[in-house]
Amino acid sequence: MSHAALFTREPVVNKKRAITANRLIVHGTRIASVTEALNAACQYWPEQYPVLLSLGRLVPTPDLLDWQIPPNAHVEIPAQTLAHPRTQALLPLLQEAGIGVCLTWYTQGMVLPPDVDWRFILIDGRKNPTPGSAPGLSLAWGLPDVATFKQAVANGYDGGSGWFFLNGNPPAKELAASHMQIIRLLNLVRDNGEVRDIENVLKQDVALSYKLLRYINSAGFGLMVEIQSFRHAVSILGYEKLNKWLSLLLVTASRDPGAPAMMQTAIARGRFMEQIGAHFLDETGCENLFITGAFSMLGILLGTSMQTILDEMLLPESVTDALLYDQGDYAQFLRLARACESFDPNALIQAANDLQLVPEQINQAQLIALGFADSLQA
């Protein structure tokens, strides 16, 4: 792999675990490689939410302004660098340019430079049970599970950053009837069922029909004509493409108030794997990669075991092998997608090397995936 900077990411959520921003960590050996990577990916920049930009272990310096900074970007300033002359030179330049700044690794009693408008304050929640008098929206970082996030909110935090919501969820139960309805639809489509039979299932849930048409007509699909009905969708798209969008319905079917971050993660994984797969597979293979990534969170989203869900579904063996056993043709793509969700890039570097991918391919695919997942949150 080249020495270009590599992106990883994590979501930022509010007290109710709804997405409020995204955090992008850029891993590079110098600021020049960071700005080069950011500029190379600027056309794919996600615009729906604020993006907190972390420079990893690098000191923020005025060289960062070689990046064409998007309006929704907020540059993170680690507290440990506040005394560094180059960071002190950068701060007023960011302020003058109207670029948001965030303070990371804040602790109570820290002396801060005057007249800096800190939008977000990232705090190590493991070492600081309360945010103290944080001079901005306080985000707990490093929390291990849902229970510690709930405690952090009770202690005064405004939200959190990270992947805590993947752990500590309720134990598995039976599939809900509403989820089984969507699985029935998926199986009909995969089995090339009669259009009238599929329409009859959709008519039993008007909200489901509306959501499906909204997804199909979204900007991410890139259609030149608006789809008016399921029958119209079949005639324009065919069953294979509809399978992808019905899969999205299943991923977004959870009514848990904490589901948005999990949905974003699942959809971003699927879209990322689809983008990466285009370098290796045909269209059908890429769509199966999308489903593999999107379904990788189904157990948590639907509150049951992955085995229980897959027992009810007609899916290719390569998809089920990756989801259940981390084996088969799609498993390495899923490992790559999961490796993008870490502050430490080492697993991502290894997974990328295994597939002979360069950082530019991974960075571009991540931003496209994130923008796509965010667009479906509205």
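Structural data are supplied above this passage.
Bear in mind the structure is a predicted one, so any value in this text is a computation, not a measurement.

Visitor: Sorry if this is basic, but what is going on with the overall build of the protein chain here?
Guide: A count of helices and strands for the protein chain gives 16 helices and 8 strands. By the compact-globule yardstick of 21 Å for 378 residues, the protein chain fits well, its C-alpha radius of gyration being 22 Å. Considered along the principal axes of its C-alpha atoms, the protein chain spans approximately 70 × 45 × 40 Å. Within the span of the protein chain, comprising 378 residues, buried residues form 55% of the whole. Restricting the contact set of the protein chain to residue pairs at least 6 apart, pairs at least 24 apart contribute 62%. Carbon and sulfur atoms form 50% of the exposed surface of the protein chain, whose accessible area is close to 16300 Å². For the protein chain, the distance from the average site of its 27 positive side-chain charges to the average site of its 36 negative ones is 5 Å.

Visitor: Even after reading the chapter, I still don't get the pattern of salt bridges, so can you show me in this structure?
Guide: Once the charged atoms of two side chains with opposite charge are near each other, the side chains can pair. Under the definition given, this model contains 11 salt bridges. One salt bridge connects Glu10 with Arg23, and the closest N-O pair in it is separated by 3.1 Å. In this pair, Glu10 is assigned in strand S1 (residues 6-14) and Arg23 in strand S2 (residues 19-27), connecting sequence segments 13 residues apart. Since its relative accessible area comes to 5%, Glu10 is described here as buried. Judged by relative accessible area, which is 1%, Arg23 ranks as buried.

Visitor: I'm lost on the environment of Ser247 in this one. Help?
Guide: Tracing the backbone through its elements, the reader meets Ser247 in helix H8 (residues 239-251). C-alpha separation for the pair Ser247 and Gly132, spaced 115 residues apart in sequence, amounts to 43 Å. A distance of 2.7 Å separates a polar side-chain atom of Ser247 from the backbone oxygen of Asn243.

Visitor: Could you clarify how one ought to interpret the packing of helix H5 (residues 195-203) against helix H7 (residues 230-237) in this entry?
Guide: To characterise two packed helices, one gives the angle between the axes of the helices and the distance between these axes. Packing of H5 against H7 brings their axes to within 10 Å, and their N-to-C directions diverge by 135°. Taken as axis vectors, H5 and H7 run oblique relative to one another. The interaxial crossing formed by H5 with H7 has right-handed handedness. From H5, Val195, Arg196, Ile198, Glu199 and Leu202 reach across to H7, where they touch Phe230, Arg231 and Val234. Looking at side-chain class alone, the contact of H5 with H7 contains 5 nonpolar, no polar and 3 charged residues.

Visitor: Would you mind going over the packing of aromatic side chains with me for this structure?
Guide: In this description, an aromatic ring pair is defined by two values, namely the gap between the centres and the angle between the planes. On inspection of all chains with the given rule, the structure shows 9 aromatic pairs. Here the aromatic rings of Phe164 and Phe165 are separated by 5.6 Å at their centres, their planes lie at 85°, and the arrangement is edge-to-face. For Phe164, a relative accessible area of 2% translates into the label buried. In textbook terms, an aromatic cluster arises when at least three aromatic residues are bridged by ring pairs, as seen for Phe149, Trp163, Phe164 and Phe165. When the ring centre of Phe290 is taken as reference, the NZ or CZ atom of Lys244 above it lies at 4.8 Å. Geometry around Phe372 places Arg271 over its ring, the cationic atom sitting 4.8 Å from the centre.

Visitor: Any chance you could explain the sheet that holds strand S5 (residues 100-104) here in plain terms?
Guide: Sheets are built from strands paired through backbone hydrogen bonds, the pairs being either parallel or antiparallel. The 8 strands lie next to each other as S1-S2-S3-S4-S5-S6-S7-S8, forming a closed barrel whose pairing is mixed. Here the average twist between neighbouring strands, direction ignored, is 30°. Its contacts with the sheet place helix H1 (residues 31-40) against S1, S2 and strand S3 (51-54), and it is angled at close to 130° to S2.

Visitor: Would you explain the nonpolar core in this entry?
Guide: Note on soluble globular proteins: their nonpolar side chains tend to be buried together. In terms of nonpolar packing, the biggest core is built from 121 residues, with Phe272, Phe295 and Leu336 touching the most fellow members. Considering every element that reaches this core, the biggest residue donor is helix H9 (residues 259-277), with 10 residues. If we ignore the near neighbours within four places in the chain, the residues touching Leu336 are Phe272, Ile276, Leu348, Ala351, Ala352, Leu355, Leu357 and Ile362. If you look at the next biggest cluster of nonpolar residues, it comprises 8 residues, including Val12, Ala21, Leu52 and Leu122.

Visitor: Looking at this model, I keep getting lost on the pairing of S2. Mind explaining?
Guide: The side chains of a regular strand alternate, residue by residue, between the two faces of the sheet. The element S2 is extensively covered by neighbouring structure, given that 8 of its 9 residues are classed as buried. Sheet topology places S1 next to S2; 8 bridges connect them, and they run antiparallel. Within S2, the position partnered with Leu6 by the bridge is His27. Where S1 folds back onto S2 in an antiparallel hairpin, the turn is made up of 4 residues, including Arg17, whose phi is positive at roughly 70°. Across 4 bridges, the pairing between S2 and S3 is parallel. Its bridge partner being in S3, Leu24 is matched across the sheet by Leu53. With H1 bridging S2 and its parallel neighbour S3, the resulting β-α-β unit is right-handed.

Visitor: Which parts of the structure should I look at to understand helix H10 (residues 283-295)?
Guide: At 3.6 residues per turn, the α-helix brings residues three or four places apart onto the same side. Here H10 spans 18 Å end to end across 13 residues, near enough to the 18 Å set by a 1.5 Å rise per residue. Counting buried positions along H10 yields 11 of 13 residues, so the element is predominantly enclosed. Among the residues making up H10, those that are buried are Gly285, Cys286, Glu287, Asn288, Leu289, Phe290, Ile291, Thr292, Gly293, Ala294 and Phe295.

Visitor: Sorry if this is basic, but what is going on with the side chain of Glu341 here?
Guide: With respect to the helices and strands, Glu341 occurs in the loop between helix H14 (331-339) and helix H15 (346-354). At a separation of 2.9 Å, a polar atom in the side chain of Glu341 contacts the side chain of Arg269. Excluding residues within four positions of it along the chain, Glu341 makes contact with Arg9, Trp163, Thr265 and Arg269.

What counts and what doesn't
Residues numbered from 1 in each chain as written. Predicted model: local features only at pLDDT ≥ 70, side-chain atom pairs only at ≥ 80, totals over all residues. Heavy atoms only, no water. Helix = DSSP H or I, 4+ residues; strand = E, 2+ residues; numbered from the N terminus. Rg over C-alpha atoms; globule rule 2.2 N^0.38 Å. Buried < 20%, exposed > 50% of the residue type's maximum accessible area, 1.4 Å probe, protein only. Contact = heavy atoms within 4.5 Å. Areas by Shrake-Rupley, 256 points an atom, 1.4 Å probe, with all protein chains shown as cover. Lys, Arg positive; Asp, Glu negative; His and termini not counted. Charge placed at Lys NZ, Arg CZ, Asp CG, Glu CD. Salt bridge = Lys/Arg side-chain N within 4 Å of Asp/Glu carboxyl O. Polar contact = N/O pair within 3.5 Å; in protein donor to acceptor, adjacent residues only side chain to side chain. Axes fitted to C-alpha atoms, helices over the stretch in contact; angles between N-to-C directions. Parallel < 35°, antiparallel > 145°, perpendicular 65-115°, else oblique. Left-handed = near helix turned anticlockwise from the far one by under 90°. Nonpolar A, V, L, I, M, F, W, Y, C, P; charged D, E, K, R; others polar. Phe/Tyr/Trp six-rings, centres within 6.5 Å; stacked < 30°, edge-to-face > 60°. Lys NZ or Arg CZ within 6 Å of the ring centre and 35° of its normal. Pairing = 2+ DSSP bridges. Core = buried A, V, L, I, M, F, W, Y, C linked by side-chain atoms within 4.5 Å. Right-handed = clockwise from strand over helix to strand, strands pointing away. Expected span 1.5 Å × (residues − 1).

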